Amino acid sequence: MNFWTGIETLRGQPKQRIADLLKDDNRNCRMQVSAGAFMFDMSKTTLAVDALDTLLGMASDLPARRDAMFAGERINQTEDRAVLHTALRGQDAVMVDGSDVMPGVQATLKRMRAFAGDVRDGTFQGQGGRITDVVNIGIGGSDLGPAMATLALAPFHDGPRCHFVSNVDGADWADTARHLDPATTLVIVASKTFTTIETLTNARTARDWMAETISDPAAQFAALSTAEDKTTAFGIDPSRVFGFEDWVGGRYSVWGPIGLSLMIAIGPGNFDAFLKGAREMDAHFRTAPLAENMPVLLALQGIWHHQVCGYPTRAVLPYDNRLSRLPAYLQQLEMESNGKGVTMAGDPLPGPAGPVVWGEPGTNGQHAFYQLIHQGITPVPCEFMIAAMGSEPALDHHHRLLIANCLAQSEALLKGRGLDEARATIADRFEGAELERQAAHRVFPGNRPSTTLIYPRLTPEVLGGIVALYEHRVFVEGMMLDINSFDQWGVELGKELATSLGPLVEGGDASAKDASTRTLLAKLQAWRG
Ligand code: F6P
């Protein structure tokens, strides 16, 4: 069935309330799925089993398309590239242009392990001795993955301190450098293209800062890039350049050289476990029947909420403080991948592609934006996640509260609170018209969808599995929408215009710009003096 015809059919069908759907004893066996260390529950949604079967029927092309990705076919058609981030964590041969990519992947991983080991054990030194601090300079996919994962895996962090500088706003560099000793700092310049203006500006500033106190700053620089000619031109010795191929998309690149800062932080062994967790999720995605396939089900309920129900956003709500950068990571992964307006063939999409993705860890979000999630007019599908155990055994009473809060939120979203109940809670304080007025404010509509992903504890392996799960979810959604999830042309125009505006900020002729831009520029220039 054509995707949009299927969506139209589903839109027209009456939706049952979640509470009624949950009365079906068999619902859990279709709406809850396990894979390795994970269990995913999507039973608290309005997706009924027959609608799920319709969506599964619409995914009949998926196995062939999935296998094409893993086999190295050039599925990124607008850039004529294979999509093989899975090879960075894989073990089996994958052929691209007639040769197996795995020996190259393994060789780079081996060099990364050796370098990370040298930095961690003091074999590699700065001018002032052992490396105490590592600064990863990169942006987007060259920042978010290692930054998110290094924070997430803080209990495993036994290497030098790691910092992440991404923004071209000088405040980012200044606030980081303030605490560093240039003589014991290693700077890693992470840029797939090595042309990104933010990264190169920060890298030059870092080099100048080091040059003020040490004689050979380049000796304390490493680079992660596909463009070795450019890293060499920057002055970084090839022995400290870790390359990768153009079949690794920026937002999918944490598994290879872009993960070097993470590897230095947690050690090669824990990094291997991170890869292993992802590899296990890959194996599940490749072999589990579609109806029991976790990334497929995560994607289908996403399509149900966005394309069928028309909910414009979804919230990712990890009840795990160390996953506080996960929503930002997933924003890039999902919105840069599936925020598209045309099909593979270049035709306008008949409906919306990817939703807005946002979120914050619980319980903090409960005291900020959950008000809107519970009582706002537009439902926000919530994707909760929580570990059975925290990493602080002595603080297990905190973790019990965390679990109780996480489950309470999905229960509250499901049940809501009707007018009678709202009235009963305040009947001792108000009466008459005032009782009715006050009660109306205390009604929760309920029937609000949520899913919950649970796992035993946040370890490197589990984090690898979570990230791979979301990567494959993005793939499934993009494939069903017939869009290219692996290009990002939408970021180009802004980059071009920033380049043209640069000289105007310095006082160049702005007459070709629109009236709004001209006025803003003039005012900013006036204030700059
Ligand atoms: O913002 C666009 C983008 O190309 C992202 O896709 C990418 O992750 C980021 O910029 C950084 O690019 P690079 O690694 O080439 O510096």
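Residues numbered from 1 in each chain as written. Predicted model: local features only at pLDDT ≥ 70, side-chain atom pairs only at ≥ 80, totals over all residues. Heavy atoms only, no water.

Engineer: Explain the overall build of the protein chain to me, using residue names and the numbers behind them.
Structural biologist: Check the secondary structure of the protein chain and you find 22 helices and 15 strands. Whereas a compact globule of 529 residues would reach a radius of gyration of roughly 24 Å, the protein chain reaches 25 Å, a difference of no more than 12%. In terms of overall dimensions, the protein chain has C-alpha extents of about 80 × 60 × 60 Å along its principal axes. Counting every position in the protein chain, which comprises 529 residues, the buried fraction comes to 52%. Restricting the contact set of the protein chain to residue pairs at least 6 apart, pairs at least 24 apart contribute 74%. Of the roughly 22,800 Å² that the protein chain leaves accessible, carbon and sulfur atoms contribute 54%. Seen as two clouds, the 47 positive and the 62 negative side-chain charges of the protein chain have centres 3 Å apart. (Helix = DSSP H or I, 4+ residues; strand = E, 2+ residues; numbered from the N terminus. Rg over C-alpha atoms; globule rule 2.2 N^0.38 Å. Buried < 20%, exposed > 50% of the residue type's maximum accessible area, 1.4 Å probe, protein only. Contact = heavy atoms within 4.5 Å. Areas by Shrake-Rupley, 256 points an atom, 1.4 Å probe, with all protein chains shown as cover. Lys, Arg positive; Asp, Glu negative; His and termini not counted. Charge placed at Lys NZ, Arg CZ, Asp CG, Glu CD.)

Engineer: Go over the UniProt feature "active site" (unreviewed entry) in the protein chain, please, and point to the residues and values.
Structural biologist: Mapped onto this numbering, the UniProt entry gives "active site" (unreviewed entry) at Glu-336, His-367 and Lys-495. Spanning 160 residues, the named residues do not form one spatial group; their C-alpha atoms are separated by as much as 36.8 Å. Position of Glu-336 relative to the elements: it lies in helix α15 (residues 326–338). The contact partners of Glu-336, leaving out residues within four places of it in the chain, are Arg-251, Gln-331, Asp-487, Gln-488 and Val-491. One polar contact links Glu-336 to Arg-251, side chain to side chain, over a distance of 2.9 Å. If you trace the backbone, His-367 turns up in the loop between β13 (356–358) and α16 (370–375). (UniProt positions renumbered as here; feature names shortened; annotations may be inferred. Polar contact = N/O pair within 3.5 Å; in protein donor to acceptor, adjacent residues only side chain to side chain.)

Engineer: Before we move on, can you summarise the confidence of the model for the protein chain with the specific residues and values?
Structural biologist: Residues with a pLDDT of 70 or more make up 100% of the protein chain, whose mean pLDDT is 97. For this predicted complex, the interface confidence comes out at an ipTM of 0.98, alongside a pTM of 0.97. (pLDDT = per-residue confidence, 0-100.)

Engineer: Provide a residue-level description of the sheet that holds strand β2 (residues 38–41), including the pertinent values.
Structural biologist: Each strand in a sheet pairs with another by means of backbone hydrogen bonds, the pair being arranged parallel or else antiparallel. Here we have six strands laid out as an open sheet, ordered β1-β2-β15-β14-β12-β13, and mixed in their pairing. The outermost strands of the open sheet, each flanked by one partner alone, are β1 (32–35) and β13. Neighbour-to-neighbour, the strand axes of this sheet turn through a mean angle of 15 degrees, independent of strand direction. The sheet contact formed by strand β12 (residues 313–318) and β13 spans three bridges and is parallel. Pairing of Thr-313 across the sheet is with Val-356, part of β13. Docked against the sheet, helix α14 (residues 294–308) engages β1, β2, β12, β14 (382–387) and β15 (450–455), running at close to 25 degrees with respect to β2. (Pairing = 2+ DSSP bridges. Axes fitted to C-alpha atoms, helices over the stretch in contact; angles between N-to-C directions.)

Engineer: Please set out the pairing of β2 residue by residue, giving values where relevant.
Structural biologist: Strand direction decides the pairing type here: β1 and β2, joined by four bridges, are antiparallel. By the bridge assignment for β2, Ser-34 is matched with Met-39. With antiparallel pairing between neighbouring strands as the criterion, β1 and β2 make up a hairpin whose turn holds two residues, including Gly-36 at a positive phi of roughly 50 degrees. Where β2 meets β15, three bridges bridge the pair, whose relative direction is antiparallel. Paired with Asp-41 across the two strands is Thr-452, which belongs to β15.

Engineer: An account of the site of the ligand is needed here, citing residue identities and associated values.
Structural biologist: Residues in contact with the ligand amount to 14 residues; listed here are only the nearest, Ser-142, Ser-191, Thr-193, Thr-196 and Glu-336. One of the side-chain N or O atoms of Thr-193 is found 2.6 Å from an oxygen atom in the ligand. Thr-196 places a polar side-chain atom, nitrogen or oxygen, 2.5 Å from an oxygen atom of the ligand. Burial of the ligand by the surrounding chains reaches 87%, relative to a free accessible area of 390 Å². (Near = heavy atom within 4 Å.)

Engineer: Before we move on, could you go through helix α22 (residues 515–528) and cite the residues and values that matter?
Structural biologist: Between its first and last C-alpha, α22 extends 20 Å over 14 residues, near the 20 Å set by a 1.5 Å rise per residue. Where α22 begins, the capping side chain belongs to Asp-514, and its oxygen is found 3.1 Å from the backbone nitrogen of Ser-516. One or two positions beyond α22, positive phi appears at Gly-529, with a value near 80 degrees. (Expected span 1.5 Å × (residues − 1).)

Engineer: Describe in detail the pattern of salt bridges, supporting the description with residues and values.
Structural biologist: Under the criterion given, the structure shown has 31 salt bridges. Of the charged contacts in the structure, one is a salt bridge between Arg-473 and Glu-383, with a shortest N-O distance of 2.7 Å. Residue Arg-473 is found in helix α20 (residues 460–481), and its partner Glu-383 is found in strand β14; the two are separated by 90 residues along the sequence. Of the two residues examined, Arg-473 and Glu-383, each falls in the buried class. (Salt bridge = Lys/Arg side-chain N within 4 Å of Asp/Glu carboxyl O.)

Engineer: Describe in detail the domain arrangement of the protein chain, supporting the description with residues and values.
Structural biologist: Under the domain assignment, the protein chain is made up of domain 1 (3–75 + 273–489) and domain 2 (85–271). Using only C-alpha atoms to locate each centre, domain 1 and domain 2 end up separated by 32 Å. Across the contact, 39 residues belong to domain 1 and 31 residues belong to domain 2. Where domain 1 touches domain 2, the interface holds four salt bridges. The closest approach of N and O atoms between Arg-251 and Glu-336, which form a salt bridge, is 2.9 Å. (Domains from an automatic or database assignment.)

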